Amino acid sequence: MKMKKLLVLLMAAAFIMPTFQSCKKGENDPFISLKTRKARLCQTWKLTSATGTSTSGSSMSTYTFNGTTWTTIQSGQSYSFQLTWTLTFDKAGTYTETITAIGSGNSLYTETNKGNWWFGAKNKNAEYKNKETVVMQETSSTNSNGNAIQYSGVDCPLYLKILDKLSSKEMVTIEDGSTTSTSINNSTGIYTWEKQ
């Protein structure tokens, strides 16, 4: 009798494990999660760290963020400001991004971006798995400088975040891209977010 129960449990595990594995899309996703990928993503995230580089022709800048201070170093000069950056995804397929920066002399800058989001499909050429990326289609942007922009249709800017890790409490996104015109511009960054 015990052998039959053990055999049934092993067979059930053989069928269930691929289901759990299908939730693992990002390189560092949890091995097993009882929440769907959408349920893990749909909450408010706060940026807690970031590192990256940006090159434009022969000029290069690096940036770091330690949870409170964003520092950019370009051409030997260092620039720092206090930063709070949150990102909320909801199950209805919309997002809100809020950025608050306090610079020298306590100058305050705020920006709020809103739009639609969806998981990216598998892309063999770009080597993305299904739901490994989040596509963000911005429909509005307002800031404390008095700028307010509304976008619609094909004029909506699109942003792509690679989900390196998506657990219920931590999200790590990779942003990697380049443009080529008269010079080659590259940008690479790793961003760590914590659930709020």
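Residues numbered from 1 in each chain as written. Predicted model: local features only at pLDDT ≥ 70, side-chain atom pairs only at ≥ 80, totals over all residues. Heavy atoms only, no water.

A.B. asks: What is the right way to read the pattern of salt bridges from this model?
C.D. replies: Side chains that carry opposite charge are capable of pairing whenever their charged atoms lie near each other. On inspection of all chains with the given rule, the structure shows two salt bridges. With a shortest N-O distance of 2.6 Å, Lys161 and Glu175 are connected by a salt bridge. Taken together, the residues span a long stretch of sequence, with Lys161 in strand β9 (residues 158–166) and Glu175 in strand β10 (residues 170–180) at a distance of 14 residues. Among the salt bridges present, the one from Lys165 reaches Glu170, with a minimum N-O distance of 2.6 Å. Looking at Lys165, the relative accessible area reads 24%, which means it is partly exposed. (Salt bridge = Lys/Arg side-chain N within 4 Å of Asp/Glu carboxyl O. Helix = DSSP H or I, 4+ residues; strand = E, 2+ residues; numbered from the N terminus. Buried < 20%, exposed > 50% of the residue type's maximum accessible area, 1.4 Å probe, protein only.)

A.B. asks: I'm lost on the layout of surface pockets in this one. Help?
C.D. replies: If a probe the size of a water molecule is rolled over the atoms, the empty space left behind becomes visible. Space inside the largest pocket adds up to approximately 380 Å³. Lining the largest pocket are 16 residues, and of these Trp85, Glu97, Tyr159, Lys161 and Glu175 sit closest to its centre. Elements with a contribution of two residues or more to the lining of the largest pocket: β5 (94–102), β6 (108–119), β7 (133–143), β9 and β10. (1 Å grid on protein atoms, 1.4 Å probe; cavity = no way out; pocket = protein on both sides within 12 Å on 5 of 7 lines; lining within 4 Å. Points joined across faces, edges and corners; volume = space filled by probe spheres on them.)

A.B. asks: Looking at this structure, I do not really get the confidence of the model for the protein. What am I missing?
C.D. replies: When pLDDT is averaged along the protein, the result is 88; 83% of the residues meet or exceed 70. Across residues 12–23 the pLDDT falls below 50, and counting only partners more than four positions away or on other chains, this stretch makes 13 contacts in the model. (pLDDT = per-residue confidence, 0-100. Contact = heavy atoms within 4.5 Å.)

A.B. asks: What should I look at first to understand the pairing of strand β4 (residues 77–89) in this one?
C.D. replies: A regular strand carries its side chains on alternate faces of the sheet. The sheet contact formed by strand β1 (residues 44–56) and β4 spans three bridges and is antiparallel. Across the sheet, the residue bridging to Thr44 is Thr88, located in β4. As paired strands, strand β3 (residues 69–74) and β4 are joined by six bridges and run antiparallel to one another. Each residue of the ladder has a partner; that of Ile73, found in β4, is Ser78. Turn length for the β3-β4 hairpin, with the two strands adjacent in sequence and antiparallel, is two residues, and the turn residue Ser75 shows positive phi of about 50°. (Pairing = 2+ DSSP bridges.)

A.B. asks: Honestly, the packing of aromatic side chains in this entry has me stumped. Any pointers?
C.D. replies: According to the stated counting rule, one finds nine aromatic pairs in the structure shown. On the basis of an interplanar angle of 10° and a centroid distance of 4.9 Å, the ring pair of Tyr63 and Trp70 is categorised as stacked. You'll find Tyr63 and Trp70 in the same group, each marked buried. Between Trp70 and Trp85, the aromatic rings sit 6.4 Å apart at their centres with planes inclined by 45°, giving tilted as the arrangement. One end of the pair, Trp70, is in strand β3; the other, Trp85, is in strand β4, with 15 residues separating them in the sequence. (Phe/Tyr/Trp six-rings, centres within 6.5 Å; stacked < 30°, edge-to-face > 60°.)

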